[in-house]
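Coordinate analysis (summary)
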Amino acid sequence: VTYFSEKIRKSVTHSQENVLDMAVMGELLYKEQALALNQDNLDFITSKIFEKESLSIGGGIWFEPSINNNKRLCSYSFKKDGKIVIDSKNFMNDKYDYPNQMWYKVIKANVSKSSPTIWTKPYYDESGTHALMTTVGAAIYDKNGKIVGLTTVDWDLNSIIENLSSIQLTPKSFVLFADEDDDFIISLTDKTVNENDYIGKSLKTIPWYSENLKNGKEVKYNNTAYISFQQKLDENKMIVIVNVPKNELYLVLKRYLKTR
């Protein structure tokens, strides 16, 4: 559990580093508006930042319309079939209207110098990647500390879900991966239920889950005793919990002792 959580944490940290790097680039372009703040430069930055990424599937630079004669100015690139797609035009129109999108409002309202990166609640992207993701954002500031734009990195949750199936410590053990702060189930590998019935639902829909669940605590579920092992990701408040049937856990231990 610790090993898998570290893999996730590294990806989270890398996404935060990327979004902050883009924010620095955005500030440099803003300071040199007459020479550098143009569509070609924005598209170059967003396309290059994701070339070597695996879990960060896309993202963009989004300027406040007020700094561009009330016209939208942004760049968005994402990965598709291993290639980088620059898709800026589809995000600058009246139909999309990025300054009024949920993710833009959430990041802008909560980001600050003391909280330089903000994560959104997981959601399905219907505009470009068509994937389950969460977005981390940072602010672009002017010389007076006013927010003049945002940068975002979209983190692909589907690849995390695929990797969860590899955590099969015993035949009937299963994994929960969730956004605890936003009360959003991302994945549940419990074979006794239909996972699709739980994705996106509240953690309260899981009968064995508790906010006070402690590492190594025994829980009862479907007339079976399980031992829970968990890791919390402080960076974006997500949690990984593995439940192992108590009898299977001790069976492994007994077999080990017999071979000594």
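In short, a report on the structure. (Residues numbered from 1 in each chain as written. Predicted model: local features only at pLDDT ≥ 70, side-chain atom pairs only at ≥ 80, totals over all residues. Heavy atoms only, no water.)

Broken down by element type, the protein carries six helices and 12 strands. Considering only C-alpha atoms, the protein reaches an extent of 75 × 35 × 30 Å along its principal axes. A buried classification covers 50% of the 260 residues belonging to the protein. A sequence separation of at least 24 residues applies to 55% of the contacts in the protein between residues at least 6 apart. When the accessible surface of the protein is split by element, carbon and sulfur atoms take 49% of a total near 13,900 Å². In the protein, the 33 positive side-chain charges and the 33 negative ones have mean positions that sit 6 Å from each other. (Helix = DSSP H or I, 4+ residues; strand = E, 2+ residues; numbered from the N terminus. Buried < 20%, exposed > 50% of the residue type's maximum accessible area, 1.4 Å probe, protein only. Contact = heavy atoms within 4.5 Å. Areas by Shrake-Rupley, 256 points an atom, 1.4 Å probe, with all protein chains shown as cover. Lys, Arg positive; Asp, Glu negative; His and termini not counted. Charge placed at Lys NZ, Arg CZ, Asp CG, Glu CD.)

Read from one edge of the open sheet, five strands run S9-S8-S12-S11-S10, paired in antiparallel fashion. Looking at strand neighbours, the two that pair on one side only are strand S9 (184–188) and strand S10 (218–221), the edges of this open sheet. Taking the axes of each pair of neighbouring strands and ignoring which way they run, one obtains an average angle of 30 degrees across the sheet. Looking at chain direction, S10 and strand S11 (residues 224–233) are connected through four bridges and run antiparallel. Residue pairing across strands places tyrosine 221 opposite threonine 224, the latter belonging to S11. (Pairing = 2+ DSSP bridges. Axes fitted to C-alpha atoms, helices over the stretch in contact; angles between N-to-C directions.)

Side chains of a nonpolar character, in soluble globular proteins, are inclined to be buried together. Counting 41 residues, the largest nonpolar core has Ile8, Phe63, Trp155, Phe177 and Ile186 as its most contacted members. Looking at this core element by element, the count peaks at eight residues for helix H1 (residues 2–31). (Core = buried A, V, L, I, M, F, W, Y, C linked by side-chain atoms within 4.5 Å.)

Interaxial distance between H1 and helix H3 (residues 39–49) falls to 11 Å at its minimum, and their mutual angle equals 165 degrees. In this view, H1 runs roughly antiparallel relative to H3, as classed from their interaxial angle. The chirality of how H1 crosses H3 is right-handed. For the pair H1 and H3, the contacting residues are Asn18, Met22, Met25 and Leu29 in the first and Asn41, Leu42, Ile45, Thr46 and Ile49 in the second. Tallied by class, the residues present in the contact of H1 with H3 amount to six nonpolar, three polar and no charged. (Parallel < 35°, antiparallel > 145°, perpendicular 65-115°, else oblique. Left-handed = near helix turned anticlockwise from the far one by under 90°. Nonpolar A, V, L, I, M, F, W, Y, C, P; charged D, E, K, R; others polar.)

With that settled, consider unusual backbone geometry. Residues other than glycine seldom take positive phi values, yet aspartate 97 does so here, at roughly 50 degrees. Tracing the backbone shows aspartate 97 in the loop between strand S3 (83–86) and helix H4 (102–110). Its identity is not glycine, yet aspartate 183 carries a phi of approximately 55 degrees, on the positive side. With respect to the helices and strands, aspartate 183 occurs in the loop between strand S8 (174–179) and S9.

Further remarks concern the environment of aspartate 182. When you line up the elements, aspartate 182 lands in the loop between S8 and S9. For the pair aspartate 182 and methionine 238, spaced 56 residues apart in sequence, the C-alpha to C-alpha distance is 9.1 Å. With sequence-adjacent residues up to four places away left out, aspartate 182 is seen in contact with Thr120, Lys121 and Pro122.

Here the structure, examined in full by the defined rule, presents 15 aromatic pairs. Centroid distance tryptophan 119 to tryptophan 155: 5.8 Å. Interplanar angle 70 degrees. Geometry classified as edge-to-face. Within this pair, whereas tryptophan 119 is found in strand S4 (residues 118–119), its partner tryptophan 155 is found in strand S7 (residues 147–156), the two being separated by 36 residues in sequence. Like tryptophan 155, tryptophan 119 is buried. Between the aromatic rings of phenylalanine 174 and tryptophan 208, the centroid separation amounts to 5.9 Å while the plane-to-plane angle is 65 degrees, which identifies the pairing as edge-to-face. Of this pair, phenylalanine 174 sits in strand S8 while tryptophan 208 sits in the loop between S9 and S10, placing them 34 residues apart in sequence. The two residues phenylalanine 174 and tryptophan 208 agree in class, both being buried. Lying over the aromatic face of tyrosine 141, lysine 113 brings its terminal NZ or CZ to 3.9 Å of the ring centre. (Phe/Tyr/Trp six-rings, centres within 6.5 Å; stacked < 30°, edge-to-face > 60°. Lys NZ or Arg CZ within 6 Å of the ring centre and 35° of its normal.)

Below, the discussion takes up the pairing of S3. As paired strands, strand S2 (residues 73–80) and S3 are joined by four bridges and run antiparallel to one another. When the bridges of S3 are listed, phenylalanine 78 appears paired with valine 85. Taking the residues that link successive antiparallel strands as the turn, the S2-S3 hairpin has two residues, and the phi of aspartate 81 there is positive, at about 55 degrees.

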